[in-house]
Amino acid sequence: MPIYDDALESYVRQEFSAEDQILRTIREAIPRRGLPAITVRPEEGRFLQFLAAASQAGRALEIGTLGGYSGTWIARGLADGGKLITLELEPAHAEVAQEHFDMAGVADRVEIRIGNAHELLPDLSQRGPFDFVFIDAEKEGYPDYLDWTLANLRPGGILAAHNAFRSGRVADPHNHEDSVDVMRAFNQQMGADPRLISSVFPAGDGTAFAIFRGS
Ligand code: SAH
Ligand code: MG
């Protein structure tokens, strides 16, 4: 019998997620605008805000903007004068996200870069080292995103990666979908890398997270 069931999820959301009207409007607009409904959940967003604040993020990076919901949470956790750069492959997603960052009053702190993150990241090294990195784009890319992140995070910086659970499929030994195998390998590296103190936030679809001790 799982403890963290739907009732407890609702309870946690009510007591801790602190989603205001702006965030709610953004979350609800995303599927209405024809974007996939794969935005992080409110309690996951709150956790990202917490991690951004815990890392005292002046330089934050997100890989996978979608409609700007997680980005708005992260932007609200930045240190004074901090900036979030967020990467998005689909121009149509970036357009919706820009509207949402404008609406949330965080557009001065958020810079969307449109393109394939694998091509954008090499140039972004010069904008680092980063205090906080959130990985939430295509799952097959996670191993490369992790390598880049570990080379571009400051000691004491925090990284987080969404969908660590793949809807629970990572724990099914019979499931060998590519994205599930990739996520298992990713989680294993997060858990075993001696440069990281890591764990997973088990709400929603799981957010693997770690503080980087340095190389
Ligand atoms: N972080 C968002 C959800 C991101 S969904 C939130 O919770 O609000 C994943 C996004 O990554 C999609 O918008 C998708 O277009 C984008 N994406 C997929 N592959 C990408 C790539 N290679 N480079 C950049 N963005 C990518
Ligand atoms: Mg996700």
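Above this text is the structure in question.
Here's the deal with the pairing of strand β6 (residues 196–201)
When a strand is regular, its side chains alternate between the sheet's two faces. Summarising the sheet, β6 and strand β7 (residues 207–212) pair through six bridges and their orientation is antiparallel. Residue Ser198 lies in a different strand from β7, and its bridge partner there is Ala210. Counted between consecutive antiparallel strands, the loop separating β6 from β7 contains five residues, among which Gly204 sits at a positive phi close to 60 degrees.

Structural notes on the layout of surface pockets
The space that makes up the largest pocket amounts to roughly 530 Å³. Forming the boundary of the largest pocket are 29 residues, of which Ile38, Gly64, Asp136, Ala137 and Glu138 lie nearest the centre. Secondary-structure elements contributing two or more residues to the lining of the largest pocket are α4 (69–75), β2 (83–88) and α6 (117–124). As for the second largest pocket, its lining consists of Arg13, Arg27, Ala37, Ile38, Thr39, Val40, Arg41, Pro42, Glu44, His162, Asn163 and Asp205.

Notes on the packing of aromatic side chains
In this structure the tally under the stated criterion is six aromatic pairs. Summarising the aromatic geometry, the rings of Phe47 and Phe201 are spaced 4.1 Å apart at their centres and angled 5 degrees between planes, so their arrangement reads as stacked. Taken together, the residues Phe47 in helix α3 (residues 42–54) and Phe201 in strand β6 connect sequence positions 154 residues apart. Residue classification places Phe47 among the buried residues on the basis of a relative accessible area of 11%. Judged by centre distance (5.9 Å) and plane angle (50 degrees), the rings of Phe130 and Trp148 are tilted. Pair noted here: Phe130 is in strand β4 (residues 130–135) and Trp148 is in helix α7 (residues 142–152), with a separation of 18 residues, a long-range link. An aromatic cluster is built from Phe47, Phe50, Phe201 and Phe209, whose rings are joined through pairwise contacts.

Examining the site of ligand 1
Close contacts around ligand 1 come from 23 residues, with Ser70, Glu88, His93, Ala117 and Asp136 the closest. Leu89 places a main-chain nitrogen or oxygen 3.1 Å from a nitrogen atom of ligand 1. Coverage of ligand 1 by the protein chains reaches 92% of its 590 Å² of free accessible surface. One can see that ligand 1 is located within the largest pocket. At the level of elements, α4, β2 and α6 are the ones that each hand at least two residues to the shell around ligand 1.

Description of the packing of α7 against helix α8 (residues 178–192)
Contact geometry for α7 and α8: axes closest at 9 Å, N-to-C directions at 25 degrees. In terms of axis orientation, α7 runs roughly parallel to α8. Contacts between α7 and α8 involve Tyr142, Pro143, Leu146, Asp147 and Leu150 from the first element and Val182, Met183, Phe186, Gln189 and Met190 from the second. Its residues assigned to classes, the contact of α7 with α8 comprises eight nonpolar, one polar and one charged.

Let's talk about the side chain of Ser179
Relative to the elements of secondary structure, Ser179 occurs in helix α8. In this structure the side chain of Ser179 is engaged in a polar contact, spanning 3.0 Å, whose partner is the side chain of Arg166. In this view, Ser179 contacts Lys139, Glu140 and Arg166; residues no more than four positions away in its chain are not counted.

Points about the sheet that holds strand β5 (residues 153–162)
If you trace the seven strands from one edge of the open sheet to the other, you get β3-β2-β1-β4-β5-β7-β6, paired in mixed fashion. Of all strands in the sheet, those with a lone pairing partner are β3 (110–114) and β6, marking the two edges. Here the strands of the sheet are splayed against their neighbours by 15 degrees on average, with no regard to which way each runs. Where strand β1 (residues 59–63) meets β2, five bridges bridge the pair, whose relative direction is parallel. Its bridge partner lying in β2, Ala60 is registered against Leu84. This element, α3, spans β4, β5, β6 and β7 of the sheet and lies at about 175 degrees to β5. Strands in contact with α7 are β1, β4, β5, β6 and β7; relative to β5, the strand with the most contacts, it is inclined by about 160 degrees.

Quick word on helix α1 (residues 6–17)
Because each turn of an α-helix spans 3.6 residues, side chains separated by three or four positions in sequence point in the same direction. Of all the positions in α1, only Glu9, Val12 and Ser17 are classed as buried. Along the axis of α1, the buried positions cluster into a sector of 75 degrees, meaning they face one direction only. Counted as exposed and oriented over 90 degrees from the buried face of α1: Ala7 and Gln14.

How each quantity is defined
Residues numbered from 1 in each chain as written. Chains lettered and ligands numbered in written order. Predicted model: local features only at pLDDT ≥ 70, side-chain atom pairs only at ≥ 80, totals over all residues. Heavy atoms only, no water. Pairing = 2+ DSSP bridges. Helix = DSSP H or I, 4+ residues; strand = E, 2+ residues; numbered from the N terminus. 1 Å grid on protein atoms, 1.4 Å probe; cavity = no way out; pocket = protein on both sides within 12 Å on 5 of 7 lines; lining within 4 Å. Points joined across faces, edges and corners; volume = space filled by probe spheres on them. Phe/Tyr/Trp six-rings, centres within 6.5 Å; stacked < 30°, edge-to-face > 60°. Buried < 20%, exposed > 50% of the residue type's maximum accessible area, 1.4 Å probe, protein only. Near = heavy atom within 4 Å. Polar contact = N/O pair within 3.5 Å; in protein donor to acceptor, adjacent residues only side chain to side chain. Areas by Shrake-Rupley, 256 points an atom, 1.4 Å probe, with all protein chains shown as cover. Sits in = over half its atoms within 2 Å of the grid points. Axes fitted to C-alpha atoms, helices over the stretch in contact; angles between N-to-C directions. Parallel < 35°, antiparallel > 145°, perpendicular 65-115°, else oblique. Contact = heavy atoms within 4.5 Å. Nonpolar A, V, L, I, M, F, W, Y, C, P; charged D, E, K, R; others polar. Arc of directions from axis to C-beta.

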